[in-house]
Amino acid sequence: MRRRWSLSVAFHQFCQLFMVPHVPHHCDTSWIRAVGPNLTEEEQLNLTLPRDADGAYEQCSMYSPVDWDLGSIVAYGLNATEKCSNGWVYPSAQPPSLLTEFDLVCDRKDLNDISQSIYMVGLFLGSMIFGPLSDRIGRRPVILISILLQGLFGVGTAFVPHFYVYVAFRCVVGASVSGITMTILALATEWVGVSSRPKAVLISHCCFAIGQMLLAGLSYGIRNWRLLEIAGSAPIFAFFFCIRVLPESARWLVTKGRIEEAKKVLQKAASINKRTIPPGLLEQLKPETQTKSGSTLDLFRKKHLRKVTLIMSCTWFVNSFVYYGLSLNVTNFGLDIYLTQLAFGAVEIPARVGCIFTLQWFGRKKTQAVLLLLSGLVCLIITGIPEDQPMATTVLAIIGKFTTSASFSTSYVYSAELFPTIVRQTGVGLCSMSARVAGIMAPLIRLLGKYHRAIPVAIFGSAPVVGGLLCILLPETRGTDLADDTEGGHPPAEVCENANSSSENGHVKGKDGGRDNEYTMTTHF
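First, a word on scope: everything that follows refers to the structure included in this document. Predicted model, so just to flag it, every value in this text is computed and none were measured.

### Some words on a nonpolar patch on the surface
Alright, step 1. Together, L335, M391, V395 and I399 make up a nonpolar patch on the protein surface, roughly 360 Å² of accessible area in all.
Alright, step 2. Of note, L335 is situated in the loop between α14 (303-327) and α15 (337-362).

### Some remarks on the packing of aromatic side chains
We describe a pair of aromatic rings using the distance from one ring centre to the other and the angle between the two ring planes.
Alright, step 1. Scanning the entire structure with this criterion turns up 17 aromatic pairs.
Alright, step 2. With a centroid separation of 5.3 Å and an interplanar angle of 85°, the aromatic rings of Y220 and Y338 are classed as edge-to-face. Taken together, the positions of Y220 in helix α8 (residues 197-221) and Y338 in helix α15 put the pair 118 residues apart, joining distant regions of the chain.
Alright, step 3. Take Y338: its relative accessible area is 15%, and that puts it in the buried class.
Alright, step 4. For the ring pair F317 and F321, a centre distance of 5.7 Å and an interplane angle of 20° mean the geometry is stacked. Linking F317 with F321, this pair stays in helix α14, spanning 4 residues, or about one helical turn.
Alright, step 5. The class of F321 is buried, set by a relative accessible area of 3%.
Alright, step 6. An aromatic cluster of at least three residues, connected via ring pairs, comprises F14, F208, W316, Y323, Y324 and F408.

### Description of the nonpolar core
Alright, step 1. In terms of nonpolar packing, the biggest core is built from 82 residues, with F14, L98, Y166, M312, W316 and L474 touching the most fellow members.
Alright, step 2. It is α14 that provides the largest number of residues to this core, a total of 11 residues.
Alright, step 3. Ignoring sequence-local partners within four residues, the contact set of M312 consists of S411, Y414, S415, L418, C431 and L474.
Alright, step 4. Counting 18 residues, the second largest nonpolar core, distinct from the first, contains I143, W191, I236 and V265.

Criteria and cut-off values
- Residues numbered from 1 in each chain as written.
- Predicted model: local features only at pLDDT ≥ 70, side-chain atom pairs only at ≥ 80, totals over all residues.
- Heavy atoms only, no water.
- Patch = residues over 30% accessible without salt bridge, like charges linked within 9 Å, V, L, I, M, F, W, Y side chains within 5 Å.
- Areas by Shrake-Rupley, 256 points an atom, 1.4 Å probe, with all protein chains shown as cover.
- Salt bridge = Lys/Arg side-chain N within 4 Å of Asp/Glu carboxyl O.
- Helix = DSSP H or I, 4+ residues; strand = E, 2+ residues; numbered from the N terminus.
- Phe/Tyr/Trp six-rings, centres within 6.5 Å; stacked < 30°, edge-to-face > 60°.
- Buried < 20%, exposed > 50% of the residue type's maximum accessible area, 1.4 Å probe, protein only.
- Core = buried A, V, L, I, M, F, W, Y, C linked by side-chain atoms within 4.5 Å.
- Contact = heavy atoms within 4.5 Å.

So this is what it looks like as structure tokens:
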């Protein structure tokens, strides 16, 4: 099910790239028809539009209207120019797009990048809202809420009458996308055992890459932006028919003291997988003496959690910064946008699959640090490529997309293992908020290219180098148990080592007011 959601998420992340194609346009100069109703289109344009240095008609300026008769206009010509005051004219055969319906050209051109940033604001708000919410009310309810919002506002976007309403709807869709991705991540991490945990998360990321490839084909076949929005958003409603198979997190139920519910969920999972759970194992599930909900402040009270939170937030920031900086730039590489998107999606598959092996062979910390450093170096090399070498730039951009995608997948696995269960969703949510801030900034940083084309890429390249160096300070989590609470003051790797050396029967002993107390070790689900 997580794989199917990944396809829907990929659509919403990048669909706008195909809704704002480059379309020839010029100012609406129909005012001259009042004095020259029999003019051909070419004669009208020749009399009312100035030409640029290449001899083509200017797209964003026109000659100022005058009260002369047609003979005077032809004899003396027009000299004074002004910006388009009556809108623009587009080819009549062009399918409806965001650009043509809402005039995202000339002075309004930047609204395209700004609307992408607003969508990222939605992702930011979603991570801020749905992260703590799922820690309090559970993973399953938050997933249901997010699906409903994404379906309603995704389809509703296809019927908006104004651009600013479109932007508002996209913001809500962004929030729902953030709620789905974070909560499904936590749910998958808490159900899957240590050995298969990276595979479960990274396979879903491969489906996200496939979703990007499918988007290229879907947008190629459906050029009407409203129909494209419906085709990409409506399928999410199908998940309501299979939502009954989605379980609540047994680990979350245990941390909330709802032991009986956790037992039922585990027994149902065992039944579906045709396995049996020894009764004695279920009896080890005991409620905590003080069941509490984690909060954002818990992430900063303990020294080791504070370090993890700050560094992982930085890691998610630079990952998102580079990832969206490259992904949203597919229209500027000189190749066909559909082929470029196909290549960008295809390159993510070996990147995500490769992570499954590198995380097991080299561990989380080394993989994360090296991938970030490589992402930064590739982007910095691009700044030195001449502008007349688009193929070399595109190849390097694809390599950068490869390393950045692999780094992003590593961050998902790594952060989910570093944060304890009671604050995992809050911690991942905070990291996601950091990533969304980067996503908001990335489209705006691209606007600096009008001063020098190398400025945005240089900024995108410098950030991951810093992030990669900071990752050296993090603990390794390969093969460790997930920590359930924030007590103990140790990172997960140390907790696991202490637990394994303290007991062989599944219990760990600790001190509490001079007396030993026992609590059940983390159970693999």
